Amino acid sequence: MALDRIDIAILEALQKDGRMPNAALAEKVGLSQSACSRRLDNLEKSGAIRGYHARLSNAALGHQMTAIVHISLTGQFEKTLSDFETAIKRCPNVLSCHLMSGEYDYILRIAAKDLADYERIHKEWLSAMPHVTKINSSFALREIIDRTAMGLKPEMA
């Protein structure tokens with residue numbers, strides 16, 4: 001989808017405040033409310049906007065530890081990948097999972113309460129995943145950046 005400067009302005013405004021009412025959004029981007037609503041519908045239908053979410057604090061909810069986990073599988077056959085991906089989606093502590101190129105097949109970001117909780121997740125979930133041959137875990141000492149907004153430039157149009 002080609003984005004014009006108004007689409008970009010809408011996306012930038014919503015990245016800052018996803019709960020912004022349509023009237024305020026329309027005023028901010030210089031459109032009527034109905035035109036803004038149509039643009040928003042088009043952005044949603046095109047997939048440029050995937051949803052609206054509350055950002056939760058893992059630490060405030062008792063998950064003080066973030067683990068970055070590298071996973072190697074027995075191979076990269078379609079069934080092997082599909083089996084693993086179906087299983088990993090069921091683990092509630094996995095915040096993100098990416099199929100990778102390079103040395104490891106997947107990288108996971110996992111939230112845990114503490115080291116004992118991570119050990120439980122490792123034993124009950126990660127070690128039980130199909131086709132896993134290697135698990136390499138690292139623990140974040142401090143979060144530096146956790147962006148949900150990406151920079152949008154008018155030259156994208």
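In this text, all values refer to a predicted model and were calculated from it rather than measured experimentally.

What helix H4 (residues 78–88) keeps buried is the set Thr-80, Leu-81, Phe-84, Ala-87 and Ile-88. The arc that holds every buried residue of H4, seen down its axis, measures 135 degrees, which confines them to one face. Those residues of H4 that are exposed and aimed more than 90 degrees away from the buried face are Glu-78 and Lys-79. The secondary structure elements touched by the buried residues of H4 are strand S1 (65–73), strand S2 (94–99), strand S3 (106–112) and strand S4 (132–139).

Turning to the layout of surface pockets, a few remarks are in order. Computed from the structure, the largest pocket encloses a volume of approximately 1,600 Å³. Of all the elements in the fold, those that place two or more residues in the lining of the largest pocket are helix H1 (5–16) and S1. Element by element, the count of residues in the lining of the largest pocket is highest for H1, at four residues. For the lining of the largest pocket, a count of residues per class yields 17 nonpolar, ten polar and nine charged. Looking at the lining of the largest pocket, you find at least three residues from each of domain 1 (5–54) and domain 2 (58–140).

Moving on, we get to the sheet that holds S2. Within the open sheet, the four strands sit side by side as S2-S3-S1-S4. Their pairing is antiparallel. Looking at strand neighbours, the two that pair on one side only are S2 and S4, the edges of this open sheet. The average angle at which neighbouring strand axes cross in this sheet is 20 degrees, direction not considered. Sheet topology places S1 next to S3; seven bridges connect them, and they run antiparallel. Across the sheet, the residue bridging to Ile-68 is Arg-109, located in S3. Together, S1, S2, S3 and S4 form the strand contacts of H4, whose direction differs from that of S2 by roughly 170 degrees. Contacts between helix H5 (residues 115–124) and the sheet are confined to S1, S3 and S4, with S3 contributing the most and set at about 135 degrees to the helix.

About the cut-offs
- Residues numbered from 1 in each chain as written.
- Predicted model: local features only at pLDDT ≥ 70, side-chain atom pairs only at ≥ 80, totals over all residues.
- Heavy atoms only, no water.
- Buried < 20%, exposed > 50% of the residue type's maximum accessible area, 1.4 Å probe, protein only.
- Helix = DSSP H or I, 4+ residues; strand = E, 2+ residues; numbered from the N terminus.
- Arc of directions from axis to C-beta.
- Contact = heavy atoms within 4.5 Å.
- 1 Å grid on protein atoms, 1.4 Å probe; cavity = no way out; pocket = protein on both sides within 12 Å on 5 of 7 lines; lining within 4 Å.
- Points joined across faces, edges and corners; volume = space filled by probe spheres on them.
- Nonpolar A, V, L, I, M, F, W, Y, C, P; charged D, E, K, R; others polar.
- Domains from an automatic or database assignment.
- Pairing = 2+ DSSP bridges.
- Axes fitted to C-alpha atoms, helices over the stretch in contact; angles between N-to-C directions.

It is worth stressing that arrangement in space is one thing and function is another; only the former is reported here.
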